[in-house]
Amino acid sequence: MNRLNHRACLVLYTGIVLSFLFPFWFGEVVSPYNQFAHFAQTNDSSETRLENKKFSDFVKVFIPEISENINGTRSNWLVLWTNKNELGRPVSHLGGFSQAYVPSWLLSFLTNNPFVFITTLSLATIFLSGIFIMLFLKELKLSPIACLIAGLSLATSPFFMYWLTFPMFPVIFCWGFGSLYGIATLANKKNLTGLTVLAFSIYGLLMTA
């Protein structure tokens, strides 16, 4: 293990995290509970899973907001207004669900399904969080294996798994460590990479956290 370099640890990190999240590569999506009751239907499936119904914001707020942001009527880049409730209201552009957030804008080209959208956004956030802490620790001259352990410990942590349905919580770590990596890079090299990462991380925190 001592012979592992940073590049090898990055490949190893990617393989382990992708393996850890394998159910999502076969069509699973994140959801705190099933929504049969919302549509006055019964669940005829024999499959039972743990449910967390106190996370009702996911179904009642996040999914409708994402659906409106990616599928709503617009005249240009962003959906600004929805008429789906009472006299209508402005569409929210915070929390990371809006196309004003560049990762979500790119993701909107790949899917218009809000459940797939938030699942992909959450998984990408936790994956990138581990990458950023590894890069940050690399700038601090820690060994490759220490960087690998830190990245895996964060990306597969109970905190991240618990908040998969609320990506605005894991994203604090993602762009927080992105900011630290940018600062550390600027302190060591003062290059465009560090400046770009720091600027985008601050933007990410403002748009999501």
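Scroll up to find the structure this text is about.
None of the values given here were measured: they were computed from a predicted structure.

Caption draft 1: Structural detail: the overall build of the protein chain. Helix and strand counts for the protein chain come out as 8 helices and 2 strands. For the protein chain, the sequential pattern of α-helices and β-strands runs α-α-β-β-α-α-α-α-α-α. Considered along the principal axes of its C-alpha atoms, the protein chain spans approximately 60 × 45 × 25 Å. Counting every position in the protein chain, which comprises 209 residues, the buried fraction comes to 42%. The long-range share in the protein chain, meaning contacts at least 24 apart out of those at least 6 apart in sequence, stands at 62%. Of the roughly 12000 Å² of accessible surface on the protein chain, 66% is carried by carbon and sulfur atoms. Averaging the coordinates of the 13 positive side-chain charges in the protein chain and doing the same for the 9 negative ones gives two points 17 Å apart.

Caption draft 2: Unusual backbone geometry, seen in detail. Notably, Lys141 is not glycine yet its phi reads approximately 70°, a positive angle. For Lys141, a relative accessible area of 69% corresponds to the exposed category. Located in the positive-phi region is Lys190, a residue other than glycine, with phi close to 55°. Topologically, Lys190 is positioned in the loop between helix 7 (170-188) and helix 8 (192-208).

Caption draft 3: Inspection of the packing of helix 1 (residues 6-20) against helix 5 (residues 144-155) at higher detail. Running from amino to carboxyl end, helix 1 crosses helix 5 at an angle of 20°, the nearest separation of the two axes being 9 Å. By the angle class used here, helix 1 and helix 5 are roughly parallel. Where helix 1 crosses over helix 5, the handedness of that crossing is right-handed. Here helix 1 contributes His6, Cys9, Leu12, Tyr13, Ile16 and Val17 to the contact with helix 5, which in turn contributes Pro144, Ile145, Cys147, Leu148, Gly151, Leu152 and Ala155. Residues of the contact of helix 1 with helix 5, tallied by class, amount to 11 nonpolar, 2 polar and no charged.

Caption draft 4: Seen up close, the packing of helix 4 (residues 114-139) against helix 7. For the pair helix 4 and helix 7, interaxial distance at closest approach is 8 Å and the crossing angle is 25°. Classed by the angle they form, the pair helix 4 and helix 7 counts as roughly parallel. Crossing of helix 4 against helix 7: the hand is left-handed. Residues Thr125, Ile126, Leu128, Ser129, Phe132, Ile133, Leu135, Phe136 and Glu139 of helix 4 lie in contact with helix 7, whose contacting residues are Pro170, Val171, Phe173, Cys174, Trp175, Phe177, Gly178, Leu180, Tyr181, Ala184, Thr185 and Asn188. In the contact of helix 4 with helix 7, the residues fall into 15 nonpolar, 5 polar and 1 charged.

Caption draft 5: Summary view of helix 5. Its 12 residues place the ends of helix 5 16 Å apart at the C-alpha level, agreeing with the 16 Å of an ideal helix rising 1.5 Å per residue. Taken together, the buried positions of helix 5 are occupied by Pro144, Cys147, Leu148, Ala150, Gly151, Leu152, Leu154 and Ala155. Contacts from the buried residues of helix 5 go to helix 1, helix 4, helix 6 (158-162) and helix 7.

Caption draft 6: Just a nonpolar patch on the surface, in detail. Side chains of Trp77, Trp105, Leu106, Phe109 and Leu110 sit close together on the surface and give an oily, nonpolar patch of about 600 Å² of accessible area. Checked against the element boundaries, Phe109 lands in the loop between helix 3 (102-107) and helix 4. Of the residues examined, Phe109 reaches a relative accessible area of 60% and is grouped as exposed.

Caption draft 7: Region of the structure containing the environment of Pro23. Along the chain, Pro23 falls in the loop between helix 1 and helix 2 (57-71). For the pair formed by Pro23 and Lys53, sequence separation is 30 residues and the distance between their alpha carbons is 21 Å.

Caption draft 8: Up close: the pattern of salt bridges. Counted under the stated rule, the structure contains 4 salt bridges. Residue Glu51 is joined to Lys53 by a salt bridge in which the shortest nitrogen-to-oxygen separation is 3.9 Å. Owing to a relative accessible area of 36%, Glu51 belongs among the partly exposed residues under this scheme. Of the charged contacts, one joins Lys189 and Glu139 as a salt bridge, the two residues approaching to 3.7 Å between their closest N and O atoms. With Lys189 in the loop between helix 7 and helix 8 and Glu139 in helix 4, the pair connects residues that are 50 residues apart, well separated along the chain. The exposure class of Glu139 is buried, given its relative accessible area of 9%.

So, how was this worked out
- Residues numbered from 1 in each chain as written.
- Predicted model: local features only at pLDDT ≥ 70, side-chain atom pairs only at ≥ 80, totals over all residues.
- Heavy atoms only, no water.
- Helix = DSSP H or I, 4+ residues; strand = E, 2+ residues; numbered from the N terminus.
- Buried < 20%, exposed > 50% of the residue type's maximum accessible area, 1.4 Å probe, protein only.
- Contact = heavy atoms within 4.5 Å.
- Areas by Shrake-Rupley, 256 points an atom, 1.4 Å probe, with all protein chains shown as cover.
- Lys, Arg positive; Asp, Glu negative; His and termini not counted.
- Charge placed at Lys NZ, Arg CZ, Asp CG, Glu CD.
- Axes fitted to C-alpha atoms, helices over the stretch in contact; angles between N-to-C directions.
- Parallel < 35°, antiparallel > 145°, perpendicular 65-115°, else oblique.
- Left-handed = near helix turned anticlockwise from the far one by under 90°.
- Nonpolar A, V, L, I, M, F, W, Y, C, P; charged D, E, K, R; others polar.
- Expected span 1.5 Å × (residues − 1).
- Patch = residues over 30% accessible without salt bridge, like charges linked within 9 Å, V, L, I, M, F, W, Y side chains within 5 Å.
- Salt bridge = Lys/Arg side-chain N within 4 Å of Asp/Glu carboxyl O.

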